[in-house]
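Per-entry structural report
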Amino acid sequence: MPDGLTLDKSSGAISGTPTKAASASVTITAPPQGTTTKNQQTFTLTIHKGAADLGTLKVTNGGTKTTTFTYGDTITVSGTIKASGTAPLAAPGKNQAALLLGGTQLTDPVAVAGNGSFTISYKTSEKGIQTTGQAQILTVKYGGSDDLNEGSAACSITLNPK
């Protein structure tokens, strides 16, 4: 059985929560009622990748939670990726996340830790975000892993002139 699943031999019920994408060959052997002859049937059980949920993003400036920045500040976005049921989107490479504004990628991809955590820092004086004083939507895109498809999450920030 794939990791996280068990088969109750008396009832034939498969239960549990799969822990990773995998395929397994499962052979069921049972005698027809009232006989000692055994019948066998082999099935392939496939667990597909789950969709990635980036949850709620934490946006900070120098460790202080905020969504308002001044030109020259550093925006730090962090979060934790876990499995969900949402549809996947295009994103950076496998086990990586990057920060985008609209369709423009603002940062190089960063590695996502084995526990799903990541931190992306972006210096507002570098490029990309205009000092409009209006709310702008930043998106973190995740490139997926062996067990999770791509995913994304968005947060709103305001960047004021210096």
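Report follows, based on the coordinates. Source: prediction; values computed, not measured.

**A few points about the side chain of Thr124**
- Structurally, Thr124 is set in the loop between β14 (117–123) and β15 (135–142).
- Sequence-distant contacts of Thr124, that is, excluding residues within four places in its chain, are made with Thr70, Tyr71, Gly72, Asp73, Ile75 and Leu159.

**Some points on the layout of surface pockets**
- The calculated volume of the largest pocket comes to roughly 200 Å³.
- Lining of the largest pocket is provided by Ile81, Asn95, Val112, Ala113, Gly114, Asn115, Gly116, Tyr142, Ser145, Asp146, Asp147 and Leu148.
- The residue makeup of the lining of the largest pocket, split by class, is five nonpolar, five polar and two charged.

**A few points about the nonpolar core**
- Ranked by internal contacts, the top residues of the largest apolar core, which has 24 residues, are Ile75, Leu99, Phe118, Ile129, Leu138, Val140 and Ile157.
- Of all elements in the fold, only β9 (74–80), β11 (96–101), β14, β15 and β16 (151–160) reach the threshold of two or more residues within this core.
- Counting residues per element, this core draws most heavily on β16, at four residues.
- The contacts of Phe118, once residues within four sequence positions are left out, are Leu54, Leu57, Val77, Ser78, Gly79, Thr80, Ile81, Ala111, Val112 and Val140.

**Regarding the environment of Gly79**
- The residue Gly79 is located in strand β9 in this model.
- Residue classification places Gly79 among the buried positions, given a relative accessible area of 13%.
- Considering only alpha carbons, one finds Gly79 and Thr56, 23 residues apart in sequence, at a separation of 6.7 Å.
- In contact with Gly79, other than residues within four places in its own chain, are Gly116, Ser117 and Phe118.

Reading the values: rules and limits
- Residues numbered from 1 in each chain as written.
- Predicted model: local features only at pLDDT ≥ 70, side-chain atom pairs only at ≥ 80, totals over all residues.
- Heavy atoms only, no water.
- Helix = DSSP H or I, 4+ residues; strand = E, 2+ residues; numbered from the N terminus.
- Contact = heavy atoms within 4.5 Å.
- 1 Å grid on protein atoms, 1.4 Å probe; cavity = no way out; pocket = protein on both sides within 12 Å on 5 of 7 lines; lining within 4 Å.
- Points joined across faces, edges and corners; volume = space filled by probe spheres on them.
- Nonpolar A, V, L, I, M, F, W, Y, C, P; charged D, E, K, R; others polar.
- Core = buried A, V, L, I, M, F, W, Y, C linked by side-chain atoms within 4.5 Å.
- Buried < 20%, exposed > 50% of the residue type's maximum accessible area, 1.4 Å probe, protein only.

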